[in-house]
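Notes for the structure review
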Amino acid sequence: MVTAGNNIQTADPSNIVIFGVTGDLSKRKLMPALVRMLCCGLVHDDSKILGVVNNRSEEVWLNLVREGMQQFSPEIIEDEEKWQRFKSRLIMVPGDLGDETTYQRVADALVTLDGKKNAMFYCAIPPEWYGTVTRGLHQAGLANEEEGYRRLVIEKPFGHNLASAQELNKELQSVFHENQIYRIDHYLGKESVQNLLVFRFANSIMEPLWNRNYIDHIQISTSETLGIEYRAKYYEKSGALRDMIQSHIMQMMTLVAMEPPVEFTADAVRDEKMKVLNAIRSIGPEQIKTDTVSAQYASGTVDGEHVPAYVSEENVSPESSTETFAAVRFYIDNWRWQGVPFILWTGKRLQEKVSEVMIRFRRPPFNLFNTHASIPAANALVFRLQPDGGIVFRLNAKKPGLTTDNETMVMRAPYADDTEEVADAYEILMHDVLIGDRTLFSRADEVETSWEIVEPILHAWENRVSIERYRAGTWDVPAMDALTRDCVGGWHKPTVHKKPA
Ligand code: BG6
């Protein structure tokens, strides 16, 4: 939990309206974030949380919220005063999303304790409902900002391909102005992702090195040990490329590769990210074979437990060729990055759960100290996003002793020490919505361009009849060695640093 320190802008009182308030996202992420935000002043005390609930009494709904809190924010339930304070902010608006009168009831409930009608509409619902909700809000006059701000928050996936993303944007923009739309990518709310920007642009030693002259290649990865859990219906149609690369990982790539913006404002930052997306070299049919990898997990052992193969998961077709591992090698055709491979990869049921950005520098030209020995290892700068966010710098230093032999020295700088609490991405992002800061949200053109970039890969993969398998709980994807063969150090498989007991 963060505290609303001196530099944090206090949000005005608002009505936080959640569609899908009985769903999993609300239970796991939104409610726990809101309760913490209320406790530390990130949500104004005069705000209300309106849950749109179908077919349940208020008592049943409040019990559901309480149960969710017990699971995900037990510290609140243990403190009766905090729970009562949170509960007093909750208001149920009964209604079905498909019924127009629901939106009129939302409109009637929109008055905060100080009389303001500001509203954030959070769509924590399946994407097929986005259009219905947007139209309902429109018909009830709820996109109109005359009586207070009106902000629409949309969760990923933003479409399924370029055409559906364009259609969705058109639909949203026919009701809301682009600056009222907040497309959430929860990766951008992670503190350590934002630290990428601060590290790059608050240290003058980085800029001279941040280019093709010094950097051999960059790997941006999120590996997970979990499988698809209960989400087969979504995942079967999505796969790893859509689920992680088109969204979170390409967004991280833009932050790593972009030029310094002229100011730290939403459009200045997003303009620079767009320039990166526009400069990504298109992937043609030939590159699909050489520059992409897809695979699917077979059964195996994760954390000592046997886990089933993807095709044996509930609701997955036994013939499924959906990828649970995806990798793409991109090139950015601009002055700074010409010729530098950006390897983006992700997978479920791998050996470790780690997300990181690794900048691999070029090798020293030769070994000055011992011409018979191999060249010292290439330096690497790793931004560890999770777990234990922080920065790791791998440098070479002299081995203690009478020789000038060298060894790699690992400098670790944790992002926050054990006593500091790092804010959850949803706290950061919802606070940004409340203060109207769109810097960490994707603009329509970014979303569409990233779909355009991955679309040739999606088309090629759609037609595959079989797929490589890897044993769950391992790094057993040999095609990755081929993809990274020309990269100094090859495929970088992250390891979790075990803290000394
Ligand atoms: C979601 C994906 O967007 O991100 C999931 O749909 C994935 O499949 C999740 O597991 C990973 O998020 P995190 O924050 O746990 O790395």
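Our structure's up above, just so we're on the same page.
Residue positions within a chain follow its written sequence, with the count starting from 1. With pLDDT at 70 or above as the cut-off, local features in this predicted model cover only qualifying residues; side-chain atom pairs require 80 or more to be listed or tallied, and sums for whole chains, interfaces and linings still use all residues. Think of the side-chain values as coming from all heavy atoms in the structure, minus any hydrogens and water.

1. A word on the site of the ligand
Threshold: When we say a residue is near a molecule or strand, we mean one of its heavy atoms is within 4 Å of it. Any pair of N or O atoms that falls within 3.5 Å is considered a polar contact. Within protein, one atom must be able to donate a hydrogen and the other to accept it, and sequence-neighbouring residues count only if both atoms are side-chain atoms. The protein chains shown are the only cover counted for residues, whose accessible areas, like all others here, come from Shrake-Rupley with a 1.4 Å probe.
In the vicinity of the ligand, the residues found are Lys 156, His 186, Tyr 187, Lys 190, Glu 224, Arg 231, Asp 243, Met 244, His 248, Lys 348, Lys 353 and Gln 386. Taking Lys 156, its side chain carries an N or O atom lying 2.7 Å from an oxygen atom of the ligand. Between an oxygen atom of the ligand and a side-chain N or O atom of Tyr 187, the distance comes to 2.5 Å. The protein chains hide 80% of the 390 Å² of surface that the ligand would expose on its own.

2. Quick word on the state of the cysteines
A covalent bond between the sulfur atoms of two cysteines is referred to as a disulfide. The test is simple: We call a pair of cysteine sulfur atoms a disulfide whenever their separation is within 2.5 Å. The buried label goes to any residue with under 20% of its type's maximum accessible area, the exposed label to any with over 50%, and the partly exposed label to all in between, with areas taken from a 1.4 Å probe on protein chains only.
What the rule picks out here adds up to zero disulfides. Free cysteine: Cys 39, not disulfide-bonded; nearest cysteine sulfur from Cys 40 at 7.3 Å. Judged by relative accessible area, which is 26%, Cys 39 ranks as partly exposed.

3. A word on the nonpolar core
For clarity, the cut-off: Definition used in this section: a nonpolar core is a set of buried Ala, Val, Leu, Ile, Met, Phe, Trp, Tyr and Cys residues joined via side-chain atoms within 4.5 Å. Here a residue-residue contact requires only that any non-hydrogen atoms of the pair lie within 4.5 Å.
In this structure, Phe 86, Phe 121, Phe 325 and Phe 342 are the most contacted members of the largest nonpolar core, which totals 146 residues. The contacts of Phe 342, once residues within four sequence positions are left out, are Ile 218, Met 253, Val 256, Ala 257, Val 328, Arg 329, Phe 330, Ile 332 and Trp 337.

4. Regarding the sheet that holds strand 3 (residues 90-94)
Rules: Two strands qualify as a pair provided DSSP detects at least 2 bridges between them. Every helix listed is a DSSP run of H or I at least four residues long, and every strand listed is a run of E at least two residues long, numbered separately from the N terminus. Lines fitted to C-alpha atoms define the axes, with helix axes restricted to the stretch in contact, and inter-axis angles between N-to-C directions lie between 0 and 180 degrees.
Strand order in this open sheet of six strands is 3-2-1-4-5-6, and the pairing throughout is parallel. Of all strands in the sheet, those with a lone pairing partner are strand 3 and strand 6 (181-183), marking the two edges. Put simply, the sheet's adjacent strands are angled 20 degrees from each other on average, direction ignored. The pairing of strand 1 (residues 15-19) with strand 2 (residues 48-53) spans five bridges and is classified as parallel. Within strand 2, the residue paired with Asn 15 across the bridge is Lys 48. Sheet strands touched by helix 1 (residues 24-39): strand 1, strand 2, strand 3 and strand 4 (119-123). Its angle to strand 1, the strand with the most contacts, is close to 170 degrees. Strands in contact with helix 5 (residues 100-109) are strand 1, strand 2, strand 3 and strand 4; relative to strand 3, the strand with the most contacts, it is inclined by about 150 degrees.

5. Thoughts on the packing of helix 10 (residues 266-279) against helix 13 (residues 444-462)
The packing of two helices is summarised by the inter-axis angle and the distance between the axes. Definition in use: Relative orientations are named as follows: roughly parallel for angles under 35 degrees, roughly antiparallel for angles over 145 degrees, roughly perpendicular for angles from 65 to 115 degrees, and oblique for any other angle. Handedness of a helix crossing follows the sense of rotation of the near helix relative to the far helix, less than a right angle counterclockwise being left-handed and clockwise being right-handed. Charged residues are taken to be Asp, Glu, Lys and Arg, nonpolar residues to be Ala, Val, Leu, Ile, Met, Phe, Trp, Tyr, Cys and Pro, and polar residues to be all remaining types, Gly included.
Running from N to C, helix 10 and helix 13 point in directions that differ by 15 degrees, and their axes come no closer than 10 Å. Classed by the angle they form, the pair helix 10 and helix 13 counts as roughly parallel. Like other packed secondary-structure pairs, helix 10 and helix 13 cross with a definite hand, here left-handed. Contacts between helix 10 and helix 13 involve Arg 270, Lys 273, Met 274, Leu 277 and Asn 278 from the first element and Asp 445, Glu 446, Thr 449 and Ile 453 from the second. Of the residues belonging to the contact of helix 10 with helix 13, the class tally is three nonpolar, two polar and four charged.

6. Side note on the side chain of Asn 169
Within the secondary structure, Asn 169 sits in helix 7 (residues 162-173). A distance of 2.8 Å separates a polar atom in the side chain of Asn 169 from a polar atom in the side chain of Glu 448. Asn 169 has contacts with Arg 183, Ala 444 and Glu 448, leaving out every residue within four places of it along the chain.

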